[in-house]
Amino acid sequence: MRILKIQTLRGPNYWSIRRHKLIVMRLDLETLAEMPSNEIPGFYEGLVEALPSLEGHYCSPGCRGGFLMRVKEGTMMGHIVEHVALELQELAGMHVGFGRTRETATPGIFQVVLEYLNEEAGRYAGRAAVRLCQSIVDRGRYPKAELDQDILDLKDLYRESSLGPSTEAIVKEAEKRGIPWVQLSARFLIQMGYGVNQKRMQATMTNNTGILGVELACDKEATKRILAAAGAPVPRGTVINFLDDLEEAIEYVGGYPIVIKPSDGNHGRGITIDIRTWDEAEAGYEAARLISRSIIIERYYVGRDHRVLVVDGKVVAVAERVPAHVVGNGRSTIGDLIEETNQDPNRGDGHDKILTKIELDRNSYQLLERQGYTINSVPPKGVICYLRATANLSTGGSAIDRTDEIHPENVWLAQRIVKIIGLDIAGLDIVTTDISRPLREMDAVVVEVNAAPGFRMHVAPSIGTPRNVAGAVMDMLFPNEHSGLIPILSVTGTNGKTTTTRLLAHIYKQTGKVVGYTTTDGTYIGEYLVESGDNTGPQSAHVILEDPTVEVAVLETARGGILRSGLGFENANVGVVLNVAADHLGIGDIDTIDQLANLKSVVAEAVFPDGYAVLNADDHRVAAMAERTKANIAYFTMNPDSELVRKHVQKGGVAAVYENGYLSIVKGDWTHRIERAENIPLTMGGRAPFMIANALAASLAAFVQNVTIEEIRAGLKTFRASVSQTPGRMNLFNLGKYHALVDYAHNPASYEALGSFVRNWTTGERIGVIGGPGDRRDEDFVTLGKLSANIFDHIIVKEDDDTRGRSRGSAAELITQGITEVNPNSRYESILDETAAINKALDMAPDNSLVVILPESVNRAIKLIKLRGLVTEEVQPQNTSTTIVDSQNGVTSSVINTLL
């Protein structure tokens, strides 16, 4: 077997709307293509020996052991690889269950789809599954050592990608509330929500966390001075920078026992407590010095360690932290008891699990000695042997929930202290023998105030009730059940996506909101270009959704991005599907128009249930998508007599209809006429039906988002098919004696749409400079030739600079084949270089002719036209003639009263 390609999907996709995290592996079975599993000697036995846990896979029989039944009876290797990859992840602690396997149009090549939690682990599991299955085919077994290594590697990958228990709790709460989140590319930042409504977190610090509060909390001595001045109970202490000052500092705090800790440490690092001798004090000083230059010397207070968590000014959880310890059984040594304790499945390395494995350090051995033990001692049954003086969970400690026990005065004090320090989220460390009584009665103290406190002890205490502290954080960041979302309008289709996206964004700008939008020519925010390029995939969508100034997102969504990575968002408020026609077929294992329709329907299916799927009623494949989405449906149609739309409206639905020369919104028994098509510049005086359809779709998408008719009308009347607003989309130039039209038509459907306009040019000859992307099917090029023969009087066939793997000249030959099949006497010539072809057409254009250029590079084509001298760009007028001068290039853009 051979893996041809591995892709990682991260959003709603062709395989699943709900399961976003999928690996798609294109697998060539090679010699196994015609060999089901029951025909491979010893394969079933070898697979069961390697992975007996596959017994738990139900598969299509729907019962335990169902998958292994399929293997025994005979199934294809791609299907087996899918299940093995899922099981390897399960054995590494990643609970996944979704998978699909489908043979492609190429015999023997399969698409194997499997769910993942960590994408690196998912890709590894796919490769390991192929290795495992191939090994069993070749040798009848997969060595246990190799399997163990695979699982260990998967565990390492999963652990390395872990968010940490606090962040994990927060993002799970966000998911529960329907708030999307994404991990940003720097400093472990997490963004929740989109655009202007987003919030950011780093661990348990938020974008509302004040830098002054954090700096103060990190300076433990400064914190203590501020709190002491406010009358809060804090330990008596001082700060030193040199060992020579240690003895005096001990006297100042009242003598032994003392605590020595670094001034700016965390997680208990460098802290030594209950110091009773000079030797211990020197050792404690050196340990703290490794963490900080300034060392805090404090009086040691006897009591239990408590963490009080305050969020948004309120105490939300209290936990007693118990230092790492073992309990004697009268038989085992302390070393054995530690090893036994660390076998607890709830204990892991670092923050992997709810508890951390116990590890000993210098302080541990000193503490054992003070208790009269060594690592080899056997403590009596029931006797607690402490291994750490500090109670941090990160050093093996445990937690007992005390939220319901804290005294009201202590609640008041904690909330007051956090307000004094100036934090929105803080953890107070309090030492007291009884948290249920006021601190002032117990000679208790507030030891520290921590910015970015850990949540693990509250979310998963060893004893007591887990507390939903992440819920309190979400309530603070997103009050009143706010979702953190912004309106997302996604536009897809075979043709018209860019024009419709730009028009929809322009309409939305009439509301005064900041609109971010992505198109095939760039990513824009407001009036400004962020990044040029074909930006119609999820990465560009993220640029918009992660920008804190964007109030509305309008996203052109192309097939390539959906195939490669899935959608760049979880749900949209509006999903527009314009049309589905033959284009890009044979690429990415999308071989038929029906498969292409299924792919594009992802946009409609990913709409919120209370959102709208805006569908073309005149395209039966698009109209059928209404059955696949849970969203409301809104249709647009060029046919005022559409039976589908009539029934839809009678049921209370909404539609956009082209009727009696008007673009209208129809709902129930009323009709809102937006504007006559002839007054909308984009429609070229009402002579470009495909542009009218695009305008209907954009108007309807805006209307269902409560944009007013007046705002829609204003947007339609000020949006033009010009280089500035729709580059490469019906850009018409007046060169004096003749005209040139630049359009990015590149597939049969767009050629047909363009032809409906060009055929109306009756004042002179129609010259076409035509071609198509090199990765299209042979029959697609032939079709382009046939269509061109029925549109143009003279044809110049050119090729793109990037032939996309096709041999130079072959595309042109196929196009000319199509031309001659329609009319052997057609006037045509082949000039493969695009620049030369354009110049030839412009040079030969007779008076009153129209030169139609369908370029690979729109910018290059427009530049060649403008080099011809004074050129006017023509767009449909409203009622008057206006002239606009582009001061940068001296070219005049003239708005004229009539186009044809």
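Refer to the structure printed above.
Residues numbered from 1 in each chain as written. Predicted model: local features only at pLDDT ≥ 70, side-chain atom pairs only at ≥ 80, totals over all residues. Heavy atoms only, no water.

**What to know about the side chain of Glu221**
Tracing the backbone through its elements, the reader meets Glu221 in helix H8 (residues 220–229). Ignoring sequence-local partners within four residues, the contact set of Glu221 consists of Gly237, Thr238, Val239 and Ile296. (Helix = DSSP H or I, 4+ residues; strand = E, 2+ residues; numbered from the N terminus. Contact = heavy atoms within 4.5 Å.)

**A closer look at the packing of helix H10 (residues 278–289) against helix H12 (residues 362–370)**
Axis separation between H10 and H12 bottoms out at 12 Å; the angle between their running directions is 160°. When the interaxial angle is binned, H10 and H12 end up roughly antiparallel. Crossing angle aside, the handedness with which H10 passes H12 is left-handed. Between H10 and H12, the contacting residues are Glu280, Ala283, Gly284 and Ala287 on the first element and Arg362, Gln366 and Arg370 on the second. Residues that form the contact of H10 with H12 fall into these classes: two nonpolar, two polar and three charged. (Axes fitted to C-alpha atoms, helices over the stretch in contact; angles between N-to-C directions. Parallel < 35°, antiparallel > 145°, perpendicular 65-115°, else oblique. Left-handed = near helix turned anticlockwise from the far one by under 90°. Nonpolar A, V, L, I, M, F, W, Y, C, P; charged D, E, K, R; others polar.)

**Concerning the pattern of salt bridges**
All told, the structure shown has 55 salt bridges when counted by the stated rule. With a closest N to O distance of 3.3 Å, Glu298 and Lys261 form a salt bridge. With Glu298 in strand S12 (residues 295–299) and Lys261 in strand S10 (residues 258–262), this residue pair connects regions lying 37 residues apart in the sequence. The pair formed by Glu298 and Lys261 is uniform in burial state, with each residue classed as buried. Salt bridges linked by common partners bring Lys220, Glu221, Lys224, Lys261, Glu298 and Glu448 together as one network. (Salt bridge = Lys/Arg side-chain N within 4 Å of Asp/Glu carboxyl O. Buried < 20%, exposed > 50% of the residue type's maximum accessible area, 1.4 Å probe, protein only.)

**Things to note about the side chain of Ser664**
Structurally, Ser664 is set in strand S31 (residues 662–667). Judged by relative accessible area, Ser664 falls into the buried class, the value being 0%. Polar contacts involving the side chain of Ser664 include one to the side chain of Glu659, which spans 2.5 Å. Dropping the residues within four chain positions of it, Ser664 is found in contact with Ala655, Ala656, Val657, Glu659, Thr671, His672, Arg673, Ile674 and Leu696. (Polar contact = N/O pair within 3.5 Å; in protein donor to acceptor, adjacent residues only side chain to side chain.)

**Side note on a nonpolar patch on the surface**
Taken together, the side chains of Val327, Ile384 and Tyr386 define a hydrophobic patch exposed on the protein surface, amounting to about 240 Å² of accessible area. With respect to the helices and strands, Tyr386 occurs in strand S18 (residues 384–386). For Tyr386, a relative accessible area of 32% gives the class partly exposed. (Patch = residues over 30% accessible without salt bridge, like charges linked within 9 Å, V, L, I, M, F, W, Y side chains within 5 Å. Areas by Shrake-Rupley, 256 points an atom, 1.4 Å probe, with all protein chains shown as cover.)

**With respect to the nonpolar core**
Counting residues in hydrophobic clusters, the biggest one holds 71 residues, and the most contacted among them are Leu700, Leu716, Leu741 and Val758. Considering every element that reaches this core, the biggest residue donor is helix H22 (residues 689–703), with 10 residues. Other than its neighbours up to four places away in sequence, Leu741 contacts Met730, Asn731, Leu732, Leu754, Phe757, Val758, Leu850, Val851, Val852 and Ile853. (Core = buried A, V, L, I, M, F, W, Y, C linked by side-chain atoms within 4.5 Å.)

**Regarding empty space enclosed by the protein**
Enumeration according to the criterion identifies four cavities of 30 Å³ or more in this entry. Taken as a whole, the largest cavity spans an internal volume of roughly 100 Å³. Sorting the residues of the lining of the largest cavity by element identifies H8, S12 and strand S21 (445–451) as the ones contributing at least two each. By residue number, the principal contributor to the lining of the largest cavity is H8, which donates five residues. By residue class, the composition of the lining of the largest cavity is seven nonpolar, one polar and six charged. (1 Å grid on protein atoms, 1.4 Å probe; cavity = no way out; pocket = protein on both sides within 12 Å on 5 of 7 lines; lining within 4 Å. Points joined across faces, edges and corners; volume = space filled by probe spheres on them.)

**Describing the sheet that holds strand S9 (residues 237–240)**
Judged by pairing direction, the sheet is antiparallel, and its four strands sit side by side in the order S9-S12-S10-S11 without closing on themselves. Edge positions in the sheet fall to S9 and strand S11 (272–275), since each of these pairs with one other strand and no more. Averaged over all adjacent pairs, the angle separating strand axes in this sheet is 20°, with direction ignored. With four bridges joining them, S9 and S12 adopt antiparallel strand pairing. Bridged to Val239 within S12 is Ile296. The sheet contacts of H8 involve S9, S10 and S12, and relative to S9 the element is tilted by about 150°. (Pairing = 2+ DSSP bridges.)

**Regarding unusual backbone geometry**
Across the junction of Tyr256 and Pro257, the peptide omega takes the value -5°, indicating a cis bond. Mapped onto the fold, Pro257 is located in the loop between helix H9 (246–252) and S10. Residue Ala203 is not a glycine yet carries a positive backbone phi of 55°. Position of Ala203 relative to the elements: it lies in the loop between strand S7 (199–202) and strand S8 (205–206). Under the relative-accessibility criterion, Ala203 is labelled partly exposed at 39%.

**Looking at the pairing of strand S36 (residues 794–797)**
Neither face of S36 is open: one carries His794 and Ile796, the other Ile795 and Val797, and all of them are buried. Both strand S35 (residues 766–770) and S36 contribute to a ladder of four bridges, which runs parallel. What sits directly across from Gly768, in S36, is Ile795. Crossover connection from S35 via helix H25 (residues 778–789) to parallel S36: handedness right-handed. (Right-handed = clockwise from strand over helix to strand, strands pointing away.)

**Structural notes on the environment of Val614**
Mapped onto the elements of the fold, Val614 is located in strand S28 (residues 607–616). Sequence-wise, Val614 and Asn632 are 18 residues apart; in three dimensions their C-alpha atoms are separated by 8.6 Å. If sequence neighbours within four positions are ignored, Val614 has contacts with Val574, Gly575, Val576, Val577, Ala634, Phe636, Ala697, Leu700 and Ala701.

**Quick word on the sheet that holds S21**
Strands pair in a sheet through their backbones, by hydrogen bonds, and they do so in one of two ways: parallel or antiparallel. The five strands lie next to each other as S19-S14-S13-S20-S21, forming an open sheet whose pairing is antiparallel. This sheet does not close on itself; its edge strands, each paired only once, are strand S19 (398–401) and S21. Averaged over all pairs of adjacent strands, the angle between strand axes in this sheet comes to 30°, irrespective of strand direction. Across seven bridges, the pairing between strand S13 (residues 304–311) and strand S14 (residues 314–322) is antiparallel. By the bridge assignment for S14, Asp305 is matched with Arg321. Strands in contact with helix H15 (residues 469–477) are S13, S14 and strand S20 (425–432); relative to S13, the strand with the most contacts, it is inclined by about 30°.

**A word on helix H16 (residues 497–509)**
With 13 residues, H16 extends 18 Å from end C-alpha to end C-alpha; this agrees with the ideal 18 Å at 1.5 Å per step. When you tally the buried positions in H16, you get 13 out of 13 residues, the bulk of the element. (Expected span 1.5 Å × (residues − 1).)

**A closer look at helix H27 (residues 834–844)**
For H27, every residue scored as buried is listed here: Glu834, Ala837, Ile838, Ala841 and Leu842. Looking down the long axis of H27, one finds its buried residues gathered within 130° of arc, a one-sided arrangement. Elements that come into contact with the buried residues of H27 comprise strand S34 (739–742), S35, S36, strand S38 (850–853) and helix H28 (858–866). (Arc of directions from axis to C-beta.)

**A word on the environment of Val742**
Within the element layout of this structure, Val742 appears in strand S34. On the accessibility criterion, Val742 (0% relative accessible area) is buried. Considered as a pair, Val742 and Arg131 are 611 residues apart in the sequence and their alpha carbons are 52 Å apart.

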